[in-house]
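# Residue-level structure breakdown
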Amino acid sequence: GKIPDISALRDESDRKDPVRIVVELKRGKAGHEAVHQLARYVQAVREQVPGPVRGILAAPDITVPALKVAQAAGLEYVKVEALPQVPEEALQPTLF
């Protein structure tokens, strides 16, 4: 079956007992919403496929409360460097 909001699900494991890994990648600082979204995805995968499922939140930073919620839920946080962010004013078109 299809899992809502998950763009790809591939089994590339050559292990006898494969572990599924769900990765939520954020460009900016992760908060509660990112943790809850990852938890929903992990739960959806667990309902569809047998075996263990790891959830990893990858972001440049995470709020302390979100990190505590993630850890309590058995999810992992990995710090990753994001692409340089363009200042918002540079994204706005100007008339002059």
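Throughout what follows, the structure given in this document is the object of discussion. (Residues numbered from 1 in each chain as written. Predicted model: local features only at pLDDT ≥ 70, side-chain atom pairs only at ≥ 80, totals over all residues. Heavy atoms only, no water.)

## Brief notes about the pairing of strand β1 (residues 20-25)
Here β1 shows one buried face, formed by Arg20, Val22 and Glu24, and one open face, formed by Ile21, Val23 and Leu25. Relative to strand β2 (residues 53-59), β1 is paired through six bridges, and the arrangement is parallel. If you follow leucine 25 over to β2, its bridge partner there is alanine 58. Regarding topology, helix α1 (residues 32-48) serves as the crossover connection from β1 to the parallel β2, and that connection is right-handed. (Buried < 20%, exposed > 50% of the residue type's maximum accessible area, 1.4 Å probe, protein only. Helix = DSSP H or I, 4+ residues; strand = E, 2+ residues; numbered from the N terminus. Pairing = 2+ DSSP bridges. Right-handed = clockwise from strand over helix to strand, strands pointing away.)

## Re the nonpolar core
In terms of nonpolar packing, the biggest core is built from 16 residues, with Val22, Val35 and Leu57 touching the most fellow members. When residues in this core are grouped by element, the largest group, six residues, is from α1. Contact partners of leucine 57, with chain neighbours within four places excluded, come to Glu24, Lys26, Ala30, Ala34, Val35, Leu38, Ile62, Glu76, Tyr77 and Val78. (Core = buried A, V, L, I, M, F, W, Y, C linked by side-chain atoms within 4.5 Å. Contact = heavy atoms within 4.5 Å.)

## Section: the pattern of salt bridges
Oppositely charged side chains can pair when the atoms bearing their charge come close. Tallied over the entire structure, the rule returns three salt bridges. Here lysine 26 makes a salt bridge to glutamate 24, at a shortest N to O gap of 3.0 Å. Here lysine 29 and aspartate 61 are joined by a salt bridge, their closest N and O atoms 3.9 Å apart. Of this pair, lysine 29 sits in the loop between β1 and α1 while aspartate 61 sits in the loop between β2 and α2 (64-72), and the two are 32 residues apart along the sequence. According to the relative accessible area criterion, lysine 29 is exposed, its value standing at 56%. (Salt bridge = Lys/Arg side-chain N within 4 Å of Asp/Glu carboxyl O.)

## A short note on the packing of α1 against α2
Packing of α1 against α2 brings their axes to within 8 Å, and their N-to-C directions diverge by 20°. Considering the angle they form, α1 stands roughly parallel to α2. Judged by the sense of rotation from one axis to the other, the crossing of α1 with α2 is right-handed. Here His32, Val35 and His36 of α1 come into contact with α2, specifically with Pro65, Ala66, Val69 and Ala70. (Axes fitted to C-alpha atoms, helices over the stretch in contact; angles between N-to-C directions. Parallel < 35°, antiparallel > 145°, perpendicular 65-115°, else oblique. Left-handed = near helix turned anticlockwise from the far one by under 90°.)

## A word on the environment of proline 50
Take proline 50: it is sitting in the loop between α1 and β2. When the C-alpha atoms of proline 50 and arginine 20 are compared, they prove to be 9.1 Å apart, with 30 residues separating the residues in sequence.

## Re the pairing of β2
In the case of a regular strand, side chains alternate between the two sheet surfaces. Counted residue by residue, β2 has six buried out of seven residues, so it is predominantly covered. Summarising the sheet, β2 and strand β3 (residues 76-79) pair through four bridges and their orientation is parallel. Opposite alanine 59, over in β3, you have lysine 79 as the bridge partner. Tracing the backbone out of β2, into α2 and back to the parallel element β3 gives a crossover that is right-handed.

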